[in-house]
Amino acid sequence: MDFPLPTECVEDVISNLEINRDLFSALMVNREWCKFAVPILWKNPFDNNNRENHCKKVIMRTYLSCLDQRSKLFLESNGVDLSCTSSSTAFDYASYLNYLSTTSLKFRIQQYMFPQAGFCGSMLNEHQKTSNQIKLIFTILCKHFISRSVELKYIEFSDFGFDPLNVYSIPFATFEGANRSLANLQIFCFHGIPGKSNNAKTFVSMSNVCKNISHLEITLSTLDEAKGLASLISVQNHLEHFKLVSDTRFTLIDDDIFGAIFRSLATQSNTFRSIFLQNVSFTNVDFKSLAEFGKCKALRSMTFIECEEIQEKTFNAISNAFPLLEHVFYVSGPSEVPSQSFCEIFKTAQLNIKSVSFDVEVFGLIETITKFCTKLEDISVNSIDPTEIILILSNCKELKYINFRGEGGIDANDIFIGMARSISPNLEILSLNMSFTNPWIFSPESLKIFLDSCKNTLKIFKIYHYNAPFNIQDLEDARIKTMNEEHFNVIRQSGITFHMDSDIWPRNTNIITTIDIPENIGENQ
């Protein structure tokens, strides 16, 4: 029969269906609909969030059916049961693959080999022959994907020690077809157990074929890996995002592991937008290396999670480097924060700064931000001077979210009244952090003045109490003294959603540790 809709319309309809039962149903309409639905379904078949349960079972069977006769005979000669596969398939399914996760692929192989067994249990108890079979399937399928895929956009390497596969020893980038299928790789994630193989070789081989990566997410542990990673970074055409997690247990204190990486990032100065560093040691990173990184004038976001030895004299190399910076997130490590350099960073970026988060007090930070970064929308800071929250509200009128941790044991009535007079017209969420044993003290009246001033803008009000005594047994010791029922009635009348919690641990069913208004919102806020 004649097809009632133009081909372009069918393609448009199917491309806008979610990958759920609707799209699976499209397979059954007719051959034309099936032709457009299959490529969408098979571009990311390992995504558990977008896959019907009954279809997960056929993924491996379908891919194994796609293998050439030589590969099938090789697997069968090594004891792999392929009796459930077919001799041919209606589509070249691997050609549609855009997203490859080694974690998900290994899991699917496990399901195929042990359909009745649990993932971890079968992995831990399998004997050497079965381990070899799994690795053979994994390697042959990866070769098939690399050779057949028109364009792989995302690859994730990971290994968690409990499975027998050392995926890093498999030379993905040297397989036939890699020059085509990996040429436009956009996202490359690499995480695993250090020391299992020379991971540097993976980075070097990838650098020979992958030159259009925009997002790199890497776990690193050795100097050789750092050099290999630097070579991969240097050949990219438009790297935008870089996340680096260091396994500090393997850090070589006497070597400049990370300097080469900072220098290589300078080659991406026109496109580089964000950097995320976790557990990175700056011990031997010199001023010159950071100064090279400072050439990345397009940088928008910086994140530091528990990094070590960030020295003021070295970090100063980038203090005036990033005029377009918008986001700074910092979680303290074992060394002090280079306060002066960070303040200079904010002075340089000025009105471009949109969000700032520091989990420790930074000398001069709030004064700098409230003077130069008045377009701020999101801030999380600590201060020994609780009145600085008023300074923030008075100067940053575009604030939507503020998380403020101040010293405890103060009369906060004037602070709440001061906040009422200075409230940002855009403020949606206010979170106050205070000591459990020595909290802020304020009356229901001053709380009402504040809430009345922001009832048309504030949506969520939170109070969190830190440093609660451990293993509280006495109910009186667990009583939160910040508020009483009069305070809660004021909040109820305001119509603002409220959540109060503490770090009491362990949780005791006889102790109320959270308070929510309205009472039915639970802990979702």
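Here is what the cut-offs are and how they apply
- For every chain, the first residue of the written sequence is number 1, and numbering continues from 1 onward in sequence order.
- It should be noted that, the model being predicted, local features are given only for residues of pLDDT at least 70 and side-chain atom pairs only at 80 or more, the latter also being counted only at that level, while totals for whole chains, interfaces and linings use all residues.
- Only hydrogens and water are set aside when side-chain values are computed; all heavy atoms of the structure are taken into account.
- Helix and strand assignments come from DSSP, with helices taken as H or I runs of at least 4 residues and strands as E runs of at least 2, each series counted from the N terminus.
- Here's how the labels work: a residue is buried when its accessible area is under 20% of the maximum for its type, exposed when over 50%, partly exposed in between, all with a 1.4 Å probe on protein chains only.
- By the convention used here, residues are in contact when the closest approach between their heavy atoms is within 4.5 Å.
- Using a 1.4 Å probe, the Shrake-Rupley method yields the accessible areas, and only the shown protein chains count as cover for residues.
- A fitted line through C-alpha atoms represents every axis, and for helices the fit uses only the stretch in contact; the resulting angles, taken between N-to-C directions, go from 0 to 180 degrees.
- Between 65 and 115 degrees an angle is taken as roughly perpendicular, under 35 as roughly parallel, over 145 as roughly antiparallel, and anywhere else as oblique.
- Three residue categories are used. Nonpolar comprises Ala, Val, Leu, Ile, Met, Phe, Trp, Tyr, Cys and Pro, charged comprises Asp, Glu, Lys and Arg, and polar comprises the others, including Gly.
- Two rings from Phe, Tyr or Trp (for Trp, the six-membered ring) form a pair when their centres sit within 6.5 Å of each other. Planes less than 30 degrees apart are called stacked, planes more than 60 degrees apart edge-to-face, and all others tilted.
- What counts as a salt bridge is simple: a side-chain nitrogen of Lys or Arg found within 4 Å of a carboxyl oxygen of Asp or Glu.
- For two strands to be treated as a pair, DSSP must find no fewer than two bridges joining them.
- When the strands point away from the viewer, a crossover counts as right-handed if the path from the first strand over the helix to the second runs clockwise.
- Here, nonpolar core refers to any group of buried Ala, Val, Leu, Ile, Met, Phe, Trp, Tyr and Cys residues whose side-chain atoms link them within 4.5 Å.
- The sense of a crossing depends on the near helix, which, turned anticlockwise from the far helix by less than a right angle, makes the crossing left-handed and, turned clockwise, makes it right-handed.
- Polar contact is the term for a pair of N or O atoms within 3.5 Å; when the atoms are in protein, one must be able to donate a hydrogen and the other to accept it, and sequence-neighboring residues count only if both atoms are side-chain atoms.

- Looking up the chain in an unreviewed UniProt entry gives the name F-box domain-containing protein, with the organism given as Rhizophagus irregularis.

Digging into the overall build of the chain
1) Next: For the chain, the helix and strand inventory stands at 21 helices and 15 strands.
2) Next: The buried share among the 525 residues of the chain stands at 51%.
3) Next: Taking the contacts inside the chain whose residues are at least 6 apart along the sequence as the reference set, 72% of them involve residues at least 24 apart.
4) Next: About 24,400 Å² of surface is accessible on the chain, with carbon and sulfur atoms providing 49% of the total.

Re the packing of helix α16 (residues 339–349) against helix α17 (residues 365–372)
1) Next: Running from N to C, α16 and α17 cross one another at 5°; their axes reach a closest spacing of 9 Å. Between α16 and α17, the interaxial angle falls into the category roughly parallel. Here α16 contributes Cys343, Phe346 and Lys347 to the contact with α17, which in turn contributes Leu365, Thr368, Ile369 and Phe372.
2) Next: A class-by-class count of the residues in the contact of α16 with α17 yields five nonpolar, one polar and one charged.

Focus on the environment of phenylalanine 372
1) Next: Assignment of secondary structure puts phenylalanine 372 in helix α17.
2) Next: We classify phenylalanine 372 as partly exposed; its relative accessible area is 22%.
3) Next: Measuring from C-alpha to C-alpha, the distance between phenylalanine 372 and asparagine 395 comes to 9.5 Å, with 23 residues separating the pair along the chain.
4) Next: Not counting chain neighbours up to four residues away, the residues in contact with phenylalanine 372 comprise Phe346, Lys347, Gln350 and Leu351.

With respect to the side chain of serine 95
1) Next: Locating serine 95 in the fold gives a position in the loop between α6 (69–77) and β1 (99–101).
2) Next: Beyond its immediate sequence surroundings of up to four residues, serine 95 is in contact with Arg148, Ser149 and Val150.

Regarding unusual backbone geometry
Most peptide bonds take the trans configuration, and most residues that are not glycine carry a negative phi.
1) Next: Cis geometry is adopted by the peptide bond preceding proline 518, which originates at isoleucine 517 and carries an omega value of -5°.
2) Next: Tracing the chain through its elements places proline 518 in the segment after β15 (515–517).
3) Next: Even without being a glycine, glutamate 309 presents a positive backbone phi close to 55°.
4) Next: For glutamate 309, the position within the fold is in the loop between β7 (301–305) and α15 (312–315).
5) Next: The exposure class assigned to glutamate 309 is partly exposed, which follows from its relative accessible area of 34%.

Things to note about the packing of aromatic side chains
1) Next: Scanning the model with the defined rule gives 31 aromatic pairs in all.
2) Next: Judged by centre distance (6.2 Å) and plane angle (45°), the ring pair of phenylalanine 304 and tyrosine 330 falls under tilted. Taken as a pair, phenylalanine 304 in strand β7 and tyrosine 330 in strand β8 (residues 327–331) lie far apart in primary sequence, 26 residues in all.
3) Next: Given the relative accessible area of 3%, phenylalanine 304 is considered buried.
4) Next: With a centroid separation of 5.5 Å and an interplanar angle of 50°, the aromatic rings of phenylalanine 461 and phenylalanine 498 are classed as tilted. One end of the pair, phenylalanine 461, is in strand β13 (residues 460–466); the other, phenylalanine 498, is in strand β14 (residues 497–502), with 37 residues separating them in the sequence.

Brief notes about the pattern of salt bridges
1) Next: One pass over the structure, following the stated rule, counts seven salt bridges.
2) Next: We note a salt bridge from lysine 375 to glutamate 398, for which the minimum N-O separation is 3.2 Å. Pair noted here: lysine 375 is in the loop between α17 and β10 (378–383) and glutamate 398 is in the loop between α18 (388–395) and β11 (401–406), with a separation of 23 residues, a long-range link.
3) Next: For the salt bridge of aspartate 452 with lysine 448, the shortest nitrogen-to-oxygen distance reads 2.8 Å. Here aspartate 452 and its partner lysine 448 are both found in helix α20 (residues 444–454), four residues apart, which amounts to about one turn of the helix.
4) Next: According to the relative accessible area criterion, lysine 448 is partly exposed, its value standing at 38%.

Some thoughts on the pairing of β13
1) Next: Within β13, five of the seven residues are buried, which leaves it mostly tucked inside the rest of the structure.
2) Next: Inspection of the sheet shows strand β12 (residues 429–435) paired to β13 by seven bridges, in the parallel sense. Paired with serine 431 across the bridge in β13 is lysine 462.
3) Next: Taking the sense of rotation as the criterion, the β-α-β connection linking β12, α20 and β13 turns out right-handed.

Quick word on the nonpolar core
1) Next: Ranked by size, the top nonpolar core spans 139 residues in total, and within it Phe188, Leu229, Phe242 and Phe461 carry the most contacts.
2) Next: Sort the elements by how many residues they give to this core and helix α9 (residues 128–148) lands first, with eight residues.
3) Next: Not counting chain neighbours up to four residues away, the residues in contact with phenylalanine 461 comprise Phe416, Leu430, Leu432, Leu447, Leu451, Met483, Ile496, Thr497, Phe498 and His499.

Considering the packing of helix α11 (residues 200–209) against helix α12 (residues 223–234)
1) Next: Relative orientation of the contacting elements α11 and α12 amounts to 10°, with a least axis distance of 8 Å. As judged from the angle between their axes, α11 and α12 are roughly parallel. Relative to α12, the crossing made by α11 is left-handed. In contact with Ala200, Phe203, Val204, Met206 and Ser207 of α11, α12 contributes Asp224, Glu225, Gly228, Leu229, Ser231 and Leu232.
2) Next: Residue composition of the contact of α11 with α12, grouped by class: six nonpolar, three polar and two charged.

Brief notes about the pairing of strand β5 (residues 241–246)
1) Next: When strand β4 (residues 215–220) meets β5, the two strands line up parallel, connected through six bridges. When the sheet's bridge partners are listed, threonine 219 is paired in β5 with valine 245.
2) Next: At this point the chain moves from β4, through α12, to the parallel β5, and the crossover so formed is right-handed.
3) Next: Pairing analysis gives five bridges linking β5 to strand β6 (residues 274–278), with the strands arranged parallel. Each bridged residue has a counterpart across the sheet, and for phenylalanine 242 the counterpart in β6 is isoleucine 275.

Here's the deal with the side chain of asparagine 413
1) Next: Take asparagine 413: it is sitting in helix α19 (residues 413–422).
2) Next: At 2.7 Å, the side chain of asparagine 413 forms a polar contact with the backbone nitrogen of serine 443.
3) Next: Contacts of asparagine 413, omitting those with residues within four sequence positions, involve Ile441, Phe442, Ser443 and Ser446.

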